[in-house]
Amino acid sequence: QVQLVESGGGLVQAGGSLRLSCAASGIMFRINAMGWYRQAPGNERELVARITNSGDTNYADSVKGRFTISRDNTKSTVYLQMDSLKREDTAVYYCNADISAISSSPGRDYWGQGTQVTVSS
């Protein structure tokens with residue numbers, strides 16, 4: 001019932017910038033939170049940034065001061081602005097959303113298909 005579509009990944013030089021977008025569509029009573037996770041080969045999937053329905057944000061320590069998460073509630077879209085990119089930021093980035101589809105339903109997790117971000121020196 002809910003689909004997350006990501007865009008904006010690609011190849012960038014170290015020190016450069018990328019902006020990821022994730023649009024949620026389908027039957028949604030409430031979006032409780034949206035965020036971005038990433039996973040590099042051989043590593044565990046880790047939280048990068050998250051934003052709640054009230055606008056509160058949190059970031060992984062490794063990206064604080066470089067990445068900014070924001071949302072457009074009218075479009076059910078979350079963005080991740082990534083500046084001062086480093087080689088260690090290279091990973092597949094996954095959009096995540098905690099969504100209540102109907103008023104009586106608890107929130108549940110939905111995932112995008114992932115978008116590759118590659119940072120070269």
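The coordinates are above.
Residues numbered from 1 in each chain as written. Predicted model: local features only at pLDDT ≥ 70, side-chain atom pairs only at ≥ 80, totals over all residues. Heavy atoms only, no water.

(A) Just the packing of aromatic side chains, in detail. Applying the stated criterion across every chain, the model contains 1 aromatic pair. Their ring planes at 65 degrees and their centres at 5.1 Å tell us that Y37 and W111 sit as a pair that is edge-to-face. Taken together, the residues Y37 in strand β4 (residues 30–39) and W111 in strand β10 (residues 108–111) connect sequence positions 74 residues apart. If you follow R45 out to its NZ or CZ, it ends over the ring of Y94, 3.8 Å from the centre. (Phe/Tyr/Trp six-rings, centres within 6.5 Å; stacked < 30°, edge-to-face > 60°. Helix = DSSP H or I, 4+ residues; strand = E, 2+ residues; numbered from the N terminus. Lys NZ or Arg CZ within 6 Å of the ring centre and 35° of its normal.)

(B) Structural context of the sheet that holds strand β3 (residues 18–26). Reading across from one edge, β1-β3-β8-β7 is the order of the 4 strands in this open sheet, with antiparallel pairing throughout. Pairing within the sheet leaves two strands with one partner each, and these edge strands are β1 (2–7) and β7 (67–72). Strand after strand, the sheet turns through a mean of 15 degrees between neighbouring axes, direction not considered. (Pairing = 2+ DSSP bridges. Axes fitted to C-alpha atoms, helices over the stretch in contact; angles between N-to-C directions.)

(C) Spotlight on the side chain of S100. Note on placement: S100 falls in strand β9 (residues 91–100). Within the structure, S100 has its side chain in polar contact with the backbone nitrogen of G107 (distance 3.4 Å). The contact partners of S100, leaving out residues within four places of it in the chain, are M28, F29, R30, N32, S105, P106 and G107. (Polar contact = N/O pair within 3.5 Å; in protein donor to acceptor, adjacent residues only side chain to side chain. Contact = heavy atoms within 4.5 Å.)

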